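# Structural features, examined
In case you want the letters, here they are:
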Amino acid sequence: MVFTEDKGGFYINGKKYEPNAAPMTRARVGTYQHWRILNSSAELHPMHIHQTHFLVYAEDGKQIENPVWLDTVNVPVGETVDVVMDFTNPVIKGMSLFHCHLLNHEDKGMMAKVLLK
């Protein structure tokens, strides 16, 4: 996942959020996924996901000493954060969202859908 921005707005993987668009990604309930989040913009972006949590285990390519379970993680400018998404809870089926947790960024497009099936 890549966070970017320009004068036109904020983007995830080069796309602005569109309510009627297909989900950006899909996950099978009962599984885990590795996500690498890259912040290619000039400001901090806290990534947040609904319905589940993730294990933050590396920052900028370096394994962290004490991995932690979160639902929001700060992604520093020009750096990466590696997480293990936990999609194992059977009640999370359906459409969900992930986004920058700064309201101004989210409202200007830095949000996407994930379909959990």
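Presented here is an overview of the structure given in this document.

### Some words on the overall build of the chain
Helix and strand counts for the chain stand at one helix and 11 strands. Scaling as 2.2 N^0.38, a compact globule of 117 residues should have a C-alpha radius of gyration of about 13 Å, and the chain matches this with 14 Å. The dimensions of the chain, computed from C-alpha atoms along their principal axes, are 40 × 40 × 20 Å. Taken over 117 residues, the chain has a buried fraction of 42%. Within the chain, contacts between residues separated by at least 24 positions form 69% of all contacts whose residues are at least 6 apart in sequence. As presented, the chain carries roughly 6400 Å² of accessible surface, and 51% of it is formed by carbon and sulfur atoms.

### A closer look at the nonpolar core
Met47 and Phe98 are the most contacted members of the largest nonpolar core, which totals 26 residues. Broken down by element, the residue count for this core peaks at four residues, all from strand S9 (residues 80–87). Here Met47 is in contact with Met1, Phe3, Ile37, Phe54, Asp71, Thr72, Val73, Val75, Met85, Phe98 and His99, once residues within four sequence places are set aside.

### Points about the packing of aromatic side chains
Here the distance between the centres and the angle between the planes together describe a pair of aromatic rings. Within the structure shown, the criterion is met by two aromatic pairs. Judged by centre distance (6.2 Å) and plane angle (55 degrees), the rings of Trp35 and Phe87 are tilted. Linking Trp35 in strand S4 (residues 31–39) with Phe87 in strand S9, this pair joins segments that are 52 residues apart in sequence. Judged by relative accessible area, which is 10%, Trp35 ranks as buried. Relative to Phe98, the ring of Trp35 has its centre 5.1 Å away and its plane inclined at 65 degrees; by these criteria the two rings are edge-to-face. Separated by 63 residues along the polypeptide, Trp35 in strand S4 and Phe98 in strand S10 (residues 94–100) bring together distant segments of the chain.

### Let's talk about the sheet that holds S10
Strand order in this open sheet of five strands is S3-S11-S10-S5-S8, and the pairing throughout is mixed. Edge strands, defined here as strands with exactly one partner in the open sheet, are strand S3 (25–27) and strand S8 (72–75). With strand direction ignored, the average angle separating the axes of adjacent strands in the sheet is 25 degrees. Relative to strand S11 (residues 111–116), S10 runs antiparallel, the two being bridged by six bridges. When the sheet's bridge partners are listed, Met95 is paired in S11 with Leu115.

How each quantity is defined
- Throughout this description, residue numbers start from 1 for each chain and increase along the sequence as written.
- Per-residue local features of the predicted model are confined to residues with pLDDT of at least 70, and side-chain atom pairs are confined, for both listing and counting, to 80 or more; whole-chain, interface and lining totals are unaffected and use all residues.
- Side-chain figures throughout are based on the complete set of non-hydrogen atoms in the structure, without hydrogens or water.
- The numbering of helices and of strands both runs from the N terminus, where a helix is a DSSP run of H or I of at least 4 residues and a strand a run of E of at least 2.
- All radius of gyration figures rest on C-alpha atoms, and the globule criterion is 2.2 Å times the number of residues raised to 0.38.
- Think of it in three bands: with a 1.4 Å probe and only protein chains considered, a residue is buried below 20% of the maximum accessible area for its type, exposed above 50%, and partly exposed in between.
- Working rule for contacts: check all heavy atoms of both residues, and any pair within 4.5 Å makes them a contact.
- Surface accessibility in these figures is a Shrake-Rupley result with a 1.4 Å probe; residues are shielded only by whichever protein chains are displayed.
- To form a nonpolar core, buried Ala, Val, Leu, Ile, Met, Phe, Trp, Tyr and Cys residues must be joined to one another through side-chain atoms within 4.5 Å.
- Pairing of aromatic rings covers Phe, Tyr and Trp, the last counted by its six-membered ring, and requires centre-to-centre distances within 6.5 Å; plane angles under 30 degrees mean stacked, over 60 mean edge-to-face, and any other angle means tilted.
- Should DSSP find at least two bridges between two strands, the strands are taken to pair.
- Every axis in this analysis is a line fitted to C-alpha atoms, fitted for helices over the stretch in contact. Angles between the N-to-C directions lie between 0 and 180 degrees.

On their own, these measurements won't tell you what the molecule is for.
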